[in-house]
Every structure is written in structure tokens, then in C-alpha cells.
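Examination of the molecular architecture
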Amino acid sequence: EKVILNGKITLKTDIKVDFEDRGYQFGDGIYEVIRVYNGQLFTSKEHLNRLMASAKSISLAIPFTAGEIEGHLQQLIQENQLENGMIYMQFTRGVSPRNHAFPAPAIDSVYVAYTKPILHSSENATAGVKTILTEDIRWLRCDIKSLNLLGNILAKQKAADAGCFEALQHRDGIVTEGSSSNVSIVINGKVKTHPATNLILNGISRQVMLGLCKDNGIPFSEQTYTTEELLQADEVFLSSTTAEILPVIEIDGKAVGNGTPGPFTRKLQKLFQDEVAKQCGS
Ligand code: PLP
């Protein structure tokens, strides 16, 4: 199995984490997850633009263009003969003796990427998933896809402990997003999702979903909504690169709607699959 280290294809067994890597010691870095369908990257431009934006917002210099990185990822897909799966990639601020301030003068970032096959299991997509509601305890720059994921991890573990798939987070009663997904509701045939502010990660799947609403005459708004609206919504669904669009059928043990995936969610799942087929072949 091959991986990328600093733009070069190498063997997975040839790379090691340095204990002074700032990603390891501080979570000082950023990452992306990009889906591969039929050997093709899905929405790679959008993901790489977000990677560049995340890097810029923490003043981390990436010594490659988005086009060059896309080339590396395509090469890795070929090397590993990945058909369906994902690529995980991260950049850290490099290896330097531990000190909170950035290394001065600046040092090289450390860039790694690997592939992982995803065997299509549609059980969650067809049956829907159970969730819990929890307080959003994260920092105020959730728009950055940072390696610092403690808040997300603690929320996800709370869901796992309750036998649930995802934790839906709220800040002072306003629903923000899942621990590793965006969350949207449907009320009277209208899709509502938190606006792309500093309080959520502007998911690429979220953006694809909103584009599909727009192109298919499904009313939508990027507007905040309360936990009461969430609990009374006709439908609730998650979106993310790995989960695509997932119906939420339960929140804190209470059924969403009639407790089965609703028609708008199923329609959006179908449109999403069509979009994947359009962009990556089927
Ligand atoms: N929100 C959070 C906190 C995430 O970690 C993710 C990533 O999976 C998402 C939203 C969804 O983003 P995307 O659709 O770009 O995968």
C-alpha cells in the first residue's frame, strides 16, 4: 500500500510520525477527506479550495498548488488501484522543538495522504440513523477543518455510548451541526440548514445538497433553527463526504416524523447518487 509524504508517493511502512511534529503535539494542522467513486475524485476542486482556505486561516504555508495536490491524489488512486473509497490528507506545521509560537524562521509543513476503500453498505442510508442532542462545546472557528477535534470526538463518543450514530450539537438552543456531518431539517417541504458561518464547517456535501435543491425546485434556506424546530421537524438528515445523505429517524429516543426516512430526504439521496454518477460515472 502506497501513501503520499510531502508530495511523493512512498510505501506506508516507510513513514513514521516524529514526536515533535506540531500536528502530533498541538493538533497544529488541517485536513481534508475526499470521496473516490469509480476511481474518480468527487468534488475535488471544492475540497482543495477549502483545504487552501483552512491553511490560510491558520497561516500555514502549503508549498503546492491545488492542481499539484490533485495530481498527487490521482497518482495515489492509480498506485493503490482504488475504485470506491476515500482519500484522507493532512498538513501539519512541521517538526520543531515544542513551543506554542510558530517556528521562526518557518519550517516545511508535513503533508501525508492515504487511501481507504469503502465497501458500499447502504444499511444506514435506507434505514436511517439514531442520534442524540448535545451541547456544542467547540471553539469559535468551526469553519476551519482543523486537526483539533476534541470537541467533535467527545460529542461522537457520547453518541456512541448511547448506541447512536451521531451527536447533533447546539449552541444556546441553536442547532449547529453533527460531530462529523452537517445537519438539515425539513418543515412543510422546506429544507433548512445552518448558514455557513464560523460556527459550522461548510460541508462540501452540504453545498452539493443545496445545489440539488436549487436545481430541482426544492425550497431551501440557510437559516438558523432551534432545538425545538429540530425536534418537531418532519424530516432531519445528515450530510458528509463519507455518509453522503443520511436520514435521521430518532433524536434522544424520540422519533423524527413517523420514525422512518421521509420523502424529501429520499429524494435528495437519489439526486445525490445521480450527481455522483454524472460526475464520476456509474
Ligand atoms: N461538519 C463536520 C464537523 C465535519 O467533520 C464534516 C466532515 O465530515 C462535515 C461537517 C461534512 O463536511 P463534508 O460534506 O465536506 O464532508
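Residues numbered from 1 in each chain as written. Predicted model: local features only at pLDDT ≥ 70, side-chain atom pairs only at ≥ 80, totals over all residues. Heavy atoms only, no water.

In this section: the side chain of Thr-134. Tracing the chain through its elements places Thr-134 in strand S7 (residues 129-135). Taking the relative accessible area as the measure of exposure, Thr-134 reaches 6% and is therefore buried. There is a polar contact of 2.9 Å between the side chain of Thr-134 and the side chain of Lys-158. (Helix = DSSP H or I, 4+ residues; strand = E, 2+ residues; numbered from the N terminus. Buried < 20%, exposed > 50% of the residue type's maximum accessible area, 1.4 Å probe, protein only. Polar contact = N/O pair within 3.5 Å; in protein donor to acceptor, adjacent residues only side chain to side chain.)

Another aspect to go through is the environment of Thr-92. With respect to the element layout, Thr-92 can be found in strand S5 (residues 85-92). You can call Thr-92 buried: its relative accessible area is 1%. With near-sequence residues (within four places) excluded, Thr-92 lies in contact with Asp-21, Gly-23, Asp-28, Gly-29, Leu-60, Ser-109, Val-110 and Leu-147. (Contact = heavy atoms within 4.5 Å.)

What follows covers the site of the ligand. For the ligand, the set of nearby residues contains 18 residues, the closest of which are Arg-50, Glu-177, Ile-204, Ser-205 and Thr-241. A distance of 2.9 Å separates an oxygen atom of the ligand from a polar side-chain atom of Arg-50. Here Glu-177 contributes a side-chain N or O atom positioned 2.7 Å from a nitrogen atom of the ligand. Listing elements by their share of the shell around the ligand, those giving two or more residues are helix H2 (44-57), strand S9 (174-178), helix H6 (204-215) and strand S13 (235-240). Tallied by class, the residues present in the shell around the ligand amount to two nonpolar, twelve polar and four charged. (Near = heavy atom within 4 Å. Nonpolar A, V, L, I, M, F, W, Y, C, P; charged D, E, K, R; others polar.)

Right, let's talk about the environment of Pro-103 for a bit. Along the chain, Pro-103 turns up in the loop between S5 and strand S6 (110-117). A sequence separation of eleven residues divides Pro-103 from Thr-92, and the C-alpha atoms of the two residues are 12 Å apart. Beyond its immediate sequence surroundings of up to four residues, Pro-103 is in contact with Arg-22, Arg-93 and Ser-96.

A cis geometry characterises the amide bond from Ala-104 onward to Pro-105, with omega recorded as -5°. Turning to its location among the elements, Pro-105 is positioned in the loop between S5 and S6. Residue Asn-6 is not a glycine yet carries a positive backbone phi of 50°. As for its position among the elements, Asn-6 is in the loop between strand S1 (2-5) and strand S2 (8-11).

This part takes up H2. The first and last C-alpha atoms of H2 sit 20 Å apart over 14 residues, in line with the 20 Å expected at 1.5 Å per residue. Along H2, the residues that are buried comprise Ser-44, His-47, Leu-48, Arg-50, Leu-51, Ser-54 and Ala-55. Buried residues of H2, viewed axially, fall in a sector of 155°; they line one side. Opposite the buried face of H2, by more than 90 degrees, sit the exposed residues Lys-45, Asn-49 and Lys-56. Buried-residue contacts for H2 involve strand S3 (29-37), strand S4 (40-41), helix H3 (66-79), S5 and H6. Of the residues one or two after H2, Ser-59 is the one with positive phi, at around 55°. (Expected span 1.5 Å × (residues − 1). Arc of directions from axis to C-beta.)

Any two packed helices are characterised by how steeply their axes cross, that is the angle between the axes, and by the distance between the axes. Look at H6 against helix H8 (residues 263-280): their axes get within 10 Å of each other, and the N-to-C directions meet at 105°. Classified by the angle between their axes, H6 and H8 sit roughly perpendicular to one another. Counted together, Ser-205, Val-208, Met-209, Leu-212 and Cys-213 of H6 and Leu-268, Leu-271, Phe-272 and Glu-275 of H8 form the full contact between these two elements. For the contact of H6 with H8, the residue count by class is seven nonpolar, one polar and one charged. (Axes fitted to C-alpha atoms, helices over the stretch in contact; angles between N-to-C directions. Parallel < 35°, antiparallel > 145°, perpendicular 65-115°, else oblique.)

Here the focus is the pairing of S7. With five of its seven residues buried, S7 lies for the most part within the structure. As judged from the three bridges shared by S7 and strand S14 (residues 244-251), these two strands associate in the parallel manner. Opposite Val-129, over in S14, you have Val-248 as the bridge partner. Direction of pairing for S7 relative to strand S8 (residues 166-171): parallel, over a ladder of five bridges. Looking at S8, one finds that Thr-131 is bridged to Glu-166. For the crossover that starts at S7, traverses helix H5 (residues 150-161) and ends in the parallel S8, the hand is right-handed. (Pairing = 2+ DSSP bridges. Right-handed = clockwise from strand over helix to strand, strands pointing away.)

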